[in-house]
Every structure is written in C-alpha cells, then in structure tokens.
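Chain and residue survey
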Amino acid sequence: MKVFISFDMEGVAGIVDWSQCIPPGQPYEEGRRLLLGEVNAAIDGALAAGATEIVCNDSHGAMNNLDPELLHGQATYVSGRHKPLYMMQGLEAGADVVFMVGYHGSISGESSILSHTYNPSVVSHVTLNGVRVGESGINALVALACGVPIGLITGDRQTAAEADPFLADAERVVVKESFTRFGAVNQHPEVARARIAEAARRAVERAANLRRPAIPLPATLEVHLQTADMAEVASWVRGAERTGVRTVTIGGDDPMAMFRSFVAVTYITRQSEGR
Ligand SMILES: [Zn+2]
C-alpha cells in the first residue's frame, strides 16, 4: 500500500499569515513546525492502517519546507523547484491513494485563509467543467490520469467545500474556520493532528473502494487571469487557447496533458506580472 501525500501550507491549523509561510524568520519556523506536525499525522495514520510506502511531495513555495530527517515512516521526500507536475510531482510513478494535506481555498471563492489558485498575482478565477475549482480539483486531473483515488483532504471549511464536486469520496478534515483571508478560528494543533491521523487511517482502509476523481471527460479548464497581457502570454502555451480578454481555455480528454498545460500557464505568466 503506497500513499502519495501532496502537502501545501496555508491550510494548516494555526497558520493565518504569509509570514508563517515564507522564510526566513521566526513566524516561518513556527509555520513549518506546524506543517510538519500535520504531515507526520497523516503518515502515522496511513502506517497504522498498513501503508508500506509513503511519498511526500512538498508543494509550497520553494518546495523544501521540511527537514527531511524529521519525516515519519522513512517517507520519500519530493522537494525543490521546477517540478513538471508541480503539486503532484511523484504521483506519475504510481500510488494506491492520494492525500492532500494543508490545502487552502481558491482565489475566487468565499473567504479562506491565504486563498489563491497557484499564483495570486496572476490567476483570478478557474473553473473545471463550469464549476469553480481550487487547487484540489485542478490537481485531481493528475490523480485521474494516473487512475489513483484521492482519499483525504485537510484545510479550512472552504477548502473542504470546494473539493466536494470533484473529490466526493475523500475524507475531509476541517482544521480551522476562516472568517477572512487573514483570520480564522484554529483547532489546537494536537487536535488537528489527531483528527488528520484518524482520517488518514480510514482513507487507507477504504482505498480499494474509493472512486476516481469525478471529472467527466472531455473536460474544460477555464483560467481567468488578472490582465489581458497575462492571457496573451498564457495563450503561447501548448493546449491553451485564448477565449476572452483575460481568459484562456484548456480542454481535451487527456487530463495529464490538461494539467501540464495549466502548469505551463502558471510558469510562463510570471513573465507578465507587475502593475
Ligand atoms: Zn502554498
């Protein structure tokens, strides 16, 4: 039983500010400690249910936020930048179930701590098959392509709600209630970790019976950008078609190709940032 964990940071209990997510500094040291606690809780739960191999993909910022030595379960650590599959790098090698830990709400959704969709300076709204989607649903394209179910998602309540249309079978752990993008009622980290471990255990036990992500193919990913310049640059990406002043559309029946086009859009549009 192999478990693939894609972890972000903004959705961890106790994290409400960018200073806790961006090095260097004391708040970041606190943030990465809280993150490690939740990732290890997910690993512990998976191991308790019989998981034999854990791969952790660091999906936040420069993607090297943890001390590899402190990961439980002798987990493999996928870290560092310029990953072709970004938040899902490593899943292409296969797994039995995917966990999404520390996830956050989309940029265009209801208030959610530090909400964004890949790049908050560029992406203003994304829909998948006409439904607003956050990083969980976009990343689910890779799980769909690899034929692996998503068994767990953790974050605030908005994160769980946005996963509903695409990840119907996933265990959800709500670790905080956001009241703005920079304020939340957080569960105590020990409580959050215990609940994550318990949900991870259930997810591994259910893995064989979990359905694949609910994304009918052919699918359409509509990406709304902050400016027309960004949409123009985005349209240079293979598979991305300019469909509006500030919109590109990525479509097709190959979810991996769609995701790769989306990742390319997030990379290339950094060239057109700035006001
Ligand atoms: Zn992040």
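Residues numbered from 1 in each chain as written. Predicted model: local features only at pLDDT ≥ 70, side-chain atom pairs only at ≥ 80, totals over all residues. Heavy atoms only, no water.

**Brief notes about empty space enclosed by the protein**
Under the defined criterion, the tally for this structure stands at 1 cavity of 30 Å³ or more. Within this model, the largest cavity holds a volume of roughly 30 Å³. Elements with a contribution of two residues or more to the lining of the largest cavity: helix 2 (135-146) and helix 3 (157-163). (1 Å grid on protein atoms, 1.4 Å probe; cavity = no way out; pocket = protein on both sides within 12 Å on 5 of 7 lines; lining within 4 Å. Points joined across faces, edges and corners; volume = space filled by probe spheres on them. Helix = DSSP H or I, 4+ residues; strand = E, 2+ residues; numbered from the N terminus.)

**A short note on the environment of Val263**
For Val263, the position within the fold is in helix 6 (residues 255-268). On the basis of relative accessible area, Val263 is assigned to the buried category, the value being 2%. C-alpha separation for the pair Val263 and Val237, spaced 26 residues apart in sequence, amounts to 9.6 Å. With sequence-adjacent residues up to four places away left out, Val263 is seen in contact with Lys83, Pro84 and Tyr86. (Buried < 20%, exposed > 50% of the residue type's maximum accessible area, 1.4 Å probe, protein only. Contact = heavy atoms within 4.5 Å.)

**Remarks on the pairing of strand 11 (residues 240-244)**
Note: strand 11 against strand 12 (residues 247-252), 4 bridges, orientation antiparallel. Its bridge partner being in strand 12, Ala240 is matched across the sheet by Ile250. Count of turn residues in the strand 11/strand 12 antiparallel hairpin: 2 residues. (Pairing = 2+ DSSP bridges.)

**Topic: the nonpolar core**
Here is a general trend for soluble globular proteins: nonpolar side chains tend to be buried in one another's company. Formed by 50 residues in total, the largest nonpolar core has its most connected members in Met88, Leu91, Leu167, Leu221, Val223, Leu225 and Phe259. Of all elements in the fold, only strand 4 (97-101), strand 5 (123-128), helix 2, strand 7 (150-156), strand 10 (219-225), helix 5 (228-234), strand 12 and helix 6 reach the threshold of two or more residues within this core. If you look at the next biggest cluster of nonpolar residues, it comprises 41 residues, including Ala13, Ile43, Phe99 and Leu210. (Core = buried A, V, L, I, M, F, W, Y, C linked by side-chain atoms within 4.5 Å.)

**Thoughts on the coordination of the zinc ion**
Within the protein, the atoms that donate to the zinc ion are Asp8 (OD), Glu10 (OE), Glu10 (OE) and His60 (ND1), at distances of 2.0 to 2.5 Å. Considering all 4 donor atoms around the zinc ion, angles at the metal cover 54 to 136 degrees and the coordination shape is irregular. Along the chain, the residues that donate to the zinc ion are spaced as D-x1-E-x49-H. Of this pair, Glu10 sits in the loop between strand 1 (2-7) and helix 1 (26-48) while His60 sits in the loop between strand 2 (53-58) and strand 3 (76-78), and the two are 50 residues apart along the sequence. Just as Glu10 is buried, His60 falls in that class too. (Donors = N, O, S within 2.8 Å, 3.2 Å for Na, K, Ca; no water. Tetrahedral: all angles 85-135°; square planar, octahedral: opposite > 155°, others 65-115°.)

**With respect to the sheet that holds strand 12**
The strands making up a sheet are joined through hydrogen bonds of the backbone, oriented either antiparallel or parallel. Read from one edge of the open sheet, 5 strands run 6-5-10-12-11, paired in antiparallel fashion. Both edges of this open sheet fall to strand 6 (131-132) and strand 11, since each of them pairs with a single strand only. Along the sheet, helix 6 makes contact with strand 5, strand 10, strand 11 and strand 12, crossing strand 12 at roughly 160 degrees. (Axes fitted to C-alpha atoms, helices over the stretch in contact; angles between N-to-C directions.)

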